[in-house]
Amino acid sequence: MASLPVMTVLILSGLLSLTGLRPSRASTPPENSIGHLTRELLASARDPTFSDWLKRTRRSIHERPELAFQELNTSQLIRRELAILGLEHSWPVARTGVVASLGTGLKPFFAFRAEMDALPLQELVDWEHKSKHDGKMHACGHDAHVAMLLGAAKLLQERKHELKGTVKFVFQPAEEGQAGAYHVLQEGVLEGVSAMFTLHVDAKLPTGAIASRPGPLLAASARFMARIQGKGDGDAILAASFVIQGLQLLVSREADPLEGRVVSVTFVKAVGDSVDLGGTLRSMTTEGLFYLSERIKEIIELQPVVHGCTAEIDFMYKDRIPYPTTVNDEQMYMLGKMVGESMLGEANVHLSSMCMAADDFGFYSQKMATADFSIGIRNETLGSFHPLHSPHFFLDEQVLPLGAALQAAIAIVHLNDQVSVLQS
Ligand SMILES: *[C@@H]1O[C@H](CO)[C@@H](O)[C@H](O)[C@H]1NC(C)=O
Ligand SMILES: *[C@@H]1O[C@H](CO)[C@@H](O)[C@H](O)[C@H]1NC(C)=O
Ligand SMILES: [Zn+2]
Ligand SMILES: [Zn+2]
């Protein structure tokens, strides 16, 4: 690895003393110091030995996808790599998760999150490292997220004496629908963590680009299931059709168009004299989600009465904890943007728009200053342009060293900046 310890210490102490002179937390270290740091980290991550290891790690996870809360082999692979790196870690966290630590052991604590779970999908891409488990696939890039975070840990381990605080690496179970983040937080392993960062691959962005926005980024989401019970004569089917129309009007008539809301009915099934239906609801604010769920409950419970039917609704809060909105802290967003511009060039850091997708990263953003950035994987030649959750999803592995280096740089810059604030 092309790391130059002596030079790096000089650069960083320069960076520290200069940021120490600035009054606010928003202070940005001088461009040339960050420039050195990001160039060195990217060169280390792109070193063939390093990037081959990243690729092997990602492929090995890709071949053996595991669903939410079943990520035992995945976490075993993670623990094995952490042991080789000599990083302390806690396991199991929230059943299958792993939380590793590196640095002084003292505050400030800064965390990264990588999800470990795959999706219940049959991979339709024919390639050498295709999923070996029928009906399971890493179609949301979580295999790459794990590899990139292990990569960041390895880069930071080589520079651990430069860390002005502690970095926590959260390998989280069950992002897909089962609120793994909520369960990780319940275990208290992130007590004292003041800020957190995550990357998510995105096939809409070309490889080499990243994007995010300050403030609300991803929607709050919940699910519902309902049963409409009729008395024969197909009255339940008629009632269900009015319910579905009512649910659709809810969004088109009542919602503030500037505050995105979605209600979609994803299945309808007639069983004897009753109809089961279910769907999802989303809103760009967590309050909006609760308002929507109240209105959905009213429509589902009251509309069928008109048709002489009864109905019950279940939001399955216990198994399907609603996800809050993912909101990016302004300073954390600026940190990602600044480090990204330095590493990838200004033209490759984009401002994204709000998106109705949801992620359990929102649970962390309720507790600490967070930022969630998209990182591009699109390459037309390779065919890596299918959306997340598609059985054709394919990843441009050139993203792996970028994601590893970017996260390592963000940790170093953030901790230096925090320490300069504490000292000023
Ligand atoms: C986990 O590892 C064991 C032992 O190597 C193997 O038999 C099993 O098939 C693996 N399970 C998954 C889901 O990869
Ligand atoms: C796409 O990937 C191919 C193969 O890795 C590479 O040669 C090419 O430069 C990439 N294209 C872009 C636009 O990055
Ligand atoms: Zn997903
Ligand atoms: Zn995902």
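Predicted model, so just to flag it, every value in this text is computed and none were measured.

Thresholds, definitions, all that
Residues numbered from 1 in each chain as written. Chains lettered and ligands numbered in written order. Predicted model: local features only at pLDDT ≥ 70, side-chain atom pairs only at ≥ 80, totals over all residues. UniProt positions renumbered as here; feature names shortened; annotations may be inferred. Buried ≥ 20, exposed ≤ 12 C-beta atoms within 10 Å, placed from the backbone. Contact = placed C-beta atoms within 7 Å. Helix = DSSP H or I, 4+ residues; strand = E, 2+ residues; numbered from the N terminus. Near = placed C-beta within 6 Å. Nonpolar A, V, L, I, M, F, W, Y, C, P; charged D, E, K, R; others polar. Pairing = 2+ DSSP bridges. Axes fitted to C-alpha atoms, helices over the stretch in contact; angles between N-to-C directions.

### As for the UniProt feature "binding site: Mn(2+)" (unreviewed entry) in the chain
Right, on to step 1. The positions UniProt marks with the feature "binding site: Mn(2+)" (unreviewed entry) are Cys140, His142, Glu176, His200 and His389. Despite a sequence span of 250 residues, these residues sit close together in the fold, their greatest C-alpha distance being 13.2 Å.
Right, on to step 2. Residue class for His142 comes out buried when judged on the 26 C-beta atoms lying within 10 Å of it.
Right, on to step 3. Residue contacts for His142: discarding those within four places in its chain leaves Glu115, Met116, Asp117, Ala118 and Glu175.
Right, on to step 4. Mapped onto the secondary structure, His389 falls in the loop between strand E14 (369-378) and helix H11 (399-423).
Right, on to step 5. Leave out the neighbours within four places in its chain, and His389 touches Leu119, Ala139 and Cys140.

### Thoughts on the site of ligand 2
Right, on to step 1. Taken together, Thr207, Asn379, Thr381 and Leu382 make up the full set of residues adjacent to ligand 2.
Right, on to step 2. Class assignment of the residues belonging to the shell around ligand 2 gives a composition of 1 nonpolar, 3 polar and no charged.

### So, the pairing of strand E9 (residues 261-271)
Right, on to step 1. Where E9 meets strand E10 (residues 274-283), 10 bridges bridge the pair, whose relative direction is antiparallel. Each bridged residue has a counterpart across the sheet, and for Phe267 the counterpart in E10 is Gly278.
Right, on to step 2. What sits between E9 and E10 in their antiparallel hairpin is a turn of 2 residues, with Gly272 showing a positive phi close to 60 degrees.

### Some details on the sheet that holds strand E3 (residues 109-115)
Right, on to step 1. An order of E1-E2-E4-E3-E5-E14-E6-E13 is seen for the 8 strands of this open sheet, with the pairing classed as mixed. Both outer strands of the open sheet, strand E1 (88-93) and strand E13 (349-351), are each paired with one neighbouring strand and no more. Neighbour-to-neighbour, the strand axes of the sheet open up by a mean angle of 25 degrees, direction not taken into account.
Right, on to step 2. The pairing of strand E6 (residues 210-212) with E14 spans 2 bridges and is antiparallel. By the bridge assignment for E14, Ala211 is matched with Ser374.
Right, on to step 3. Here helix H4 (residues 72-85) sits on the sheet in contact with E1, strand E2 (97-103) and strand E4 (166-172), set at roughly 20 degrees to E2.
Right, on to step 4. In this fold helix H5 (residues 142-157) packs onto E2, E3, E4 and strand E5 (193-206), with an angle of close to 150 degrees to the strand it touches most, E3.

### What about the sheet that holds E10?
Within a beta sheet, neighbouring strands are joined by backbone hydrogen bonds and run either parallel or antiparallel to one another.
Right, on to step 1. On the basis of which strands lie adjacent, the open sheet formed by 4 strands has the order E9-E10-E8-E11 and antiparallel pairing. The two strands at the open ends of the sheet, each matched to only one other strand, are E9 and strand E11 (310-314). Strand-to-strand twist across the sheet, computed as the mean angle between neighbouring axes with direction ignored, equals 20 degrees.
Right, on to step 2. Strands in contact with helix H7 (residues 235-254) are strand E8 (220-229), E9 and E10; relative to E9, the strand with the most contacts, it is inclined by about 170 degrees.

### Some points on the environment of Gly260
Right, on to step 1. Within the fold, Gly260 resides in the loop between H7 and E9.
Right, on to step 2. For Gly260, a count of 18 C-beta atoms within 10 Å puts it in the partly exposed group.
Right, on to step 3. Separated by 205 residues in the primary sequence, Gly260 and Lys55 place their C-alpha atoms 38 Å from one another.
Right, on to step 4. Setting aside residues up to four positions removed in sequence, Gly260 forms contacts with Ala219, Ser283, Met284, Met354 and Met356.

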